[in-house]
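# Coordinate inspection notes
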Amino acid sequence: MITQLTQGITAAKIAQAIAFGVTIGVFPLLGTPTLLSLAIGVPLKLNQPVLQVFRELSYPLQLATVLLFMRAGESLFGAEHVPLSIPMLMERFFAAPGQFLADFGMIGLYAVVVWLLIAPILFGVIYFISRPVIERLSQRLPRTRHAS
């Protein structure tokens, strides 16, 4: 537990954790960002608390953009426009997950492709904005040593 709190505490690693947290937080498939952030954060030795907090803070943004990603995917792939709403999608998923995947799987895949196209840009913008802010904050904080 202590390792998770203290790993990745340089300004660059904190900025990476923030950028990955927000970028993964808007992943267009509801319910998957937590596992995705673990799958990315653990091998990269990112600070998990920071990563998970920013992923969680991005949840309203995820809800606001999931339909945008789906619509953009439909346009990108020239797919037929399907009437969608978040409540309808959730109701259909919980009523019959298998049928839901059959009906909406391709739209979800299209949304993921659009996210994959946008994610590097979003990550870069957030990283390059947050890193100098974190560096300035770290210079203002008093340095303390903890007994091991």
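Calculation rules
Residues numbered from 1 in each chain as written. Predicted model: local features only at pLDDT ≥ 70, side-chain atom pairs only at ≥ 80, totals over all residues. Heavy atoms only, no water. Helix = DSSP H or I, 4+ residues; strand = E, 2+ residues; numbered from the N terminus. Buried < 20%, exposed > 50% of the residue type's maximum accessible area, 1.4 Å probe, protein only. Areas by Shrake-Rupley, 256 points an atom, 1.4 Å probe, with all protein chains shown as cover. Lys, Arg positive; Asp, Glu negative; His and termini not counted. Charge placed at Lys NZ, Arg CZ, Asp CG, Glu CD. Salt bridge = Lys/Arg side-chain N within 4 Å of Asp/Glu carboxyl O. Core = buried A, V, L, I, M, F, W, Y, C linked by side-chain atoms within 4.5 Å. Axes fitted to C-alpha atoms, helices over the stretch in contact; angles between N-to-C directions. Left-handed = near helix turned anticlockwise from the far one by under 90°. Contact = heavy atoms within 4.5 Å. Patch = residues over 30% accessible without salt bridge, like charges linked within 9 Å, V, L, I, M, F, W, Y side chains within 5 Å.

### Looking at the overall build of the protein chain
- A count of helices and strands for the protein chain gives 7 helices and 0 strands.
- Tracing the protein chain from N to C terminus, the helices and strands come up as α-α-α-α-α-α-α.
- Counting only C-alpha atoms and orienting by the principal axes, one finds that the protein chain spans roughly 60 × 30 × 25 Å.
- Sorting the 148 residues of the protein chain into buried and exposed places 36% on the buried side.
- Surface exposure of the protein chain reaches about 9,300 Å², of which carbon and sulfur atoms provide 71%.
- Between the mean site of the 10 positive side-chain charges and the mean site of the 6 negative ones, the protein chain shows a separation of 24 Å.

### Some thoughts on the pattern of salt bridges
- Applying the stated criterion to the full structure yields 4 salt bridges.
- Taking the shortest distance from any N to any O, the salt bridge between Glu74 and Arg71 comes out at 3.0 Å. Of the two residues, Glu74 and Arg71 both sit in helix α5 (residues 59–77), 3 residues apart, roughly one turn of that helix.
- Arg92 is the partner of Asp103 in a salt bridge, and the nearest nitrogen-oxygen pair spans 2.4 Å. One end of the pair, Asp103, is in helix α7 (residues 97–140); the other, Arg92, is in helix α6 (residues 86–95), and 11 residues separate them in sequence.

### Quick word on the nonpolar core
- Judged by nonpolar contacts, the single largest core of 16 residues is most densely connected at Phe69, Met70, Leu84, Leu89, Phe104, Ile107 and Trp115.
- Residue assignment for this core shows that the elements contributing at least two residues are α5, α6 and α7.
- Here this core takes 8 residues from α7, the largest share from any one element.
- By size, the runner-up hydrophobic cluster in this structure holds 15 residues, among which are Ala15, Ala17, Ala19 and Tyr127.

### Quick notes on the packing of helix α2 (residues 11–25) against α7
- Axis separation between α2 and α7 bottoms out at 8 Å; the angle between their running directions is 145°. As for how α2 packs across α7, the hand of that crossing is right-handed. Residue-level contacts link Ala11, Ala12, Ile14, Ala15, Gln16, Ile18, Ala19, Phe20, Val22, Thr23 and Ile24 of α2 to Trp115, Ala119, Leu122, Phe123, Ile126, Tyr127, Ser130, Arg131, Ile134 and Glu135 of α7.

### As for a nonpolar patch on the surface
- A cluster of nonpolar residues, Leu30, Tyr59, Leu63, Met90, Phe93 and Phe94, forms a patch on the protein surface that exposes about 550 Å² of accessible area.
- The dominant element in the nonpolar patch, judged by the number of residues it contributes, is α6, at 3 residues.

### With respect to the environment of Pro132
- Assignment of secondary structure puts Pro132 in helix α7.
- Between the C-alpha atom of Pro132 and that of Ala12, which follows or precedes it by 120 residues, the distance is 8.9 Å.

### Some remarks on unusual backbone geometry
- If you check the backbone angles, Lys45 has positive phi at about 55° while not being a glycine.
- Structurally, the position occupied by Lys45 is in the loop between α3 (33–41) and α4 (48–57).
- Overall, the relative accessible area of 53% leaves Lys45 in the exposed class.

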